[in-house]
Each structure stands twice: as C-alpha cells, then as structure tokens.
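Chain by chain, the residues run as shown.
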Amino acid sequence: KRVMDSYAKKYCRLFEKNVKEDNRTEMFKILVALMRSGKTHLAIEHHIPFLFENTGVEVAIITAPLSGIVEEKKSLTKLMCTRNGYYFCEKPADVETALENGMKAALYMTNAGAFACAGGWALFNRLIKNKVMIATFMDEAWTWTLSDSAAIKEVNDNPPMAEYRASWYNIMSEVSKYSPY
C-alpha cells in the first residue's frame, strides 16, 4: 500500500472538506494536482471509499483515456473494492448487478467506453432516470468537457467537428442536477 506524503494528505483533506461543505448541484467540480502526483491512486484508495461511506453515492465511475491505463489500475480498484465490500465492475452491466444486490459499485473504463459507446450511454440513462447518486472521476478530461463543436477551437486549437456530440457534457449536465459529486 502506498504511503501518503504530506502533499497527498493535504489533497485528501481538501477533497473531504469540499465534499462535506459544497453540496451545490448543476456545476462541474474539478480537482487538480501535479502530473504524476497520484491523483488516480488517491481517487481509488481515498476518494471513492470516502464518498461511499460519507454520502449517498452508490456508484463511482472512473474513466481514463486509454485502455492500458484502465488495465494498469484495475487490480488496485479490485483490491479497494474487496477491502471495503464494494462491487468491482468491469462493464456497465455489472453496475446493474451491484445495485440489484444492494451493493455500491465502482466501474473503471475508458472515457470513450463511458461517453461515446452505447453501453455507457445506456448505463448513464438508467442511473439518471432513477436518480442514482453518482460520483465520476475522469482522467484527461479536457477533451470531453467541451459543450459543443464551436468550443473545440478555443480549447485545443483544432477545427470544429460537425459530428461532435458533447456526450460527456450532456450526461454530466443531467447528473449534476441531482448529484454534487
């Protein structure tokens, strides 16, 4: 198990403070830290258990840009779930199984799998329809947070894309109506 240095401890304290004191909805909250400082590790080892134990969150969804990152962190996520009695989910359908059995679910998948594929959309639609309290953690969020095609040029200097769906933005707009996490 990784030992938390003073920087990580401060980061976790700030996370806890924000969770306890800021229950505003209809806004996207961003935690930032230095590259290679352990943000994903802390999300898995600290933030998700904290949310599950101290809020009404039933599902934590972690996403990363590449399947290799998901594979790399899968065992850590499984261990965290096993230690705490949560259900580790490898695919969206596993979340349904967890909820049907009264368990809290942690799903780790790629950004594209969550926000650009039918399985991810279907899961979010069901969770939103039933107002299941969700917490999301996204690695490399900058591409996915754009509200529309016109914003692409402003954010990353690429040309607008006619087929840009703003799926993450639209999903989070719905989730944020009832979940502050």
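As the structure is a computational prediction, the values presented were derived from the model and not from experiment.

Parameters at a glance
Residues numbered from 1 in each chain as written. Predicted model: local features only at pLDDT ≥ 70, side-chain atom pairs only at ≥ 80, totals over all residues. Heavy atoms only, no water. Helix = DSSP H or I, 4+ residues; strand = E, 2+ residues; numbered from the N terminus. Rg over C-alpha atoms; globule rule 2.2 N^0.38 Å. Contact = heavy atoms within 4.5 Å. Areas by Shrake-Rupley, 256 points an atom, 1.4 Å probe, with all protein chains shown as cover. Lys, Arg positive; Asp, Glu negative; His and termini not counted. Charge placed at Lys NZ, Arg CZ, Asp CG, Glu CD. Phe/Tyr/Trp six-rings, centres within 6.5 Å; stacked < 30°, edge-to-face > 60°. Buried < 20%, exposed > 50% of the residue type's maximum accessible area, 1.4 Å probe, protein only. Salt bridge = Lys/Arg side-chain N within 4 Å of Asp/Glu carboxyl O. 1 Å grid on protein atoms, 1.4 Å probe; cavity = no way out; pocket = protein on both sides within 12 Å on 5 of 7 lines; lining within 4 Å. Points joined across faces, edges and corners; volume = space filled by probe spheres on them. Nonpolar A, V, L, I, M, F, W, Y, C, P; charged D, E, K, R; others polar. Pairing = 2+ DSSP bridges. Axes fitted to C-alpha atoms, helices over the stretch in contact; angles between N-to-C directions.

Draft legend 1. Spatial organisation of the overall build of the chain. Of regular secondary structure, the chain possesses eight helices and four strands. Tracing the chain from N to C terminus, the helices and strands come up as α-α-β-α-β-α-β-α-α-β-α-α. What you see for the chain is a C-alpha radius of gyration of 16 Å, in line with the 16 Å of a compact globule of 181 residues. A fraction of 68% describes how many contacts in the chain between residues 6 or more apart in sequence connect residues 24 or more apart. In the structure as shown, the chain presents an accessible area of about 10200 Å², 54% of it carried by carbon and sulfur atoms. Computed over 23 positive and 21 negative side-chain charges, the separation of the two mean positions in the chain equals 5 Å.

Draft legend 2. Structural detail: the packing of aromatic side chains. Tallied over the entire structure, the rule returns five aromatic pairs. Look at Phe 115 and Phe 124: their rings are 5.4 Å apart centre to centre, the planes differ by 25°, and that puts the pair in the stacked class. Given the relative accessible area of 1%, Phe 115 is considered buried. When the ring of Phe 115 is compared with that of Trp 168, the centres are 6.5 Å apart and the planes differ by 80°; the resulting orientation is edge-to-face. One end of the pair, Phe 115, is in helix α5 (residues 111–115); the other, Trp 168, is in helix α8 (residues 167–175), and 53 residues separate them in sequence. Taking relative accessible area as the criterion, Trp 168 reaches 4% and is therefore assigned buried. Through a chain of ring-to-ring contacts, three or more aromatic side chains come together here, namely Phe 15, Phe 50 and Phe 137.

Draft legend 3. Layout of the pattern of salt bridges. Applying the stated criterion to the full structure yields nine salt bridges. Of the charged contacts in the structure, one is a salt bridge between Lys 91 and Asp 94, with a shortest N-O distance of 3.1 Å. Since its relative accessible area comes to 46%, Lys 91 is described here as partly exposed. The shortest N-O distance in the salt bridge between Lys 177 and Glu 174 comes to 3.0 Å. For Glu 174, a relative accessible area of 34% translates into the label partly exposed.

Draft legend 4. Representation of the layout of surface pockets in the model. The volume enclosed by the largest pocket comes to roughly 1500 Å³. Around the largest pocket, the lining is made up of 46 residues, and of these Leu 31, Lys 39, Phe 137, Met 138 and Asp 139 lie nearest the centre. Taken together, the elements giving at least two residues each to the lining of the largest pocket come down to α1 (6–21), α2 (39–54), β1 (59–64), α3 (67–84), β4 (134–138) and α8. Residue contributions to the lining of the largest pocket peak at six residues, all from α2. A class-by-class count of the residues in the lining of the largest pocket yields 24 nonpolar, twelve polar and ten charged.

Draft legend 5. Representation of the sheet that holds strand β2 (residues 87–89) in the model. Reading across from one edge, β2-β3-β1-β4 is the order of the four strands in this open sheet, with parallel pairing throughout. Bordering the open sheet on either side are β2 and β4, each of which pairs with just one other strand. Strand-to-strand twist in this sheet, taken as the mean axis angle between neighbours without regard to direction, amounts to 15°. Direction of pairing for β2 relative to strand β3 (residues 105–110): parallel, over a ladder of three bridges. The residue of β3 that forms the bridge with Phe 88 is Ala 106.

By themselves, these observations are geometric and do not establish any function.
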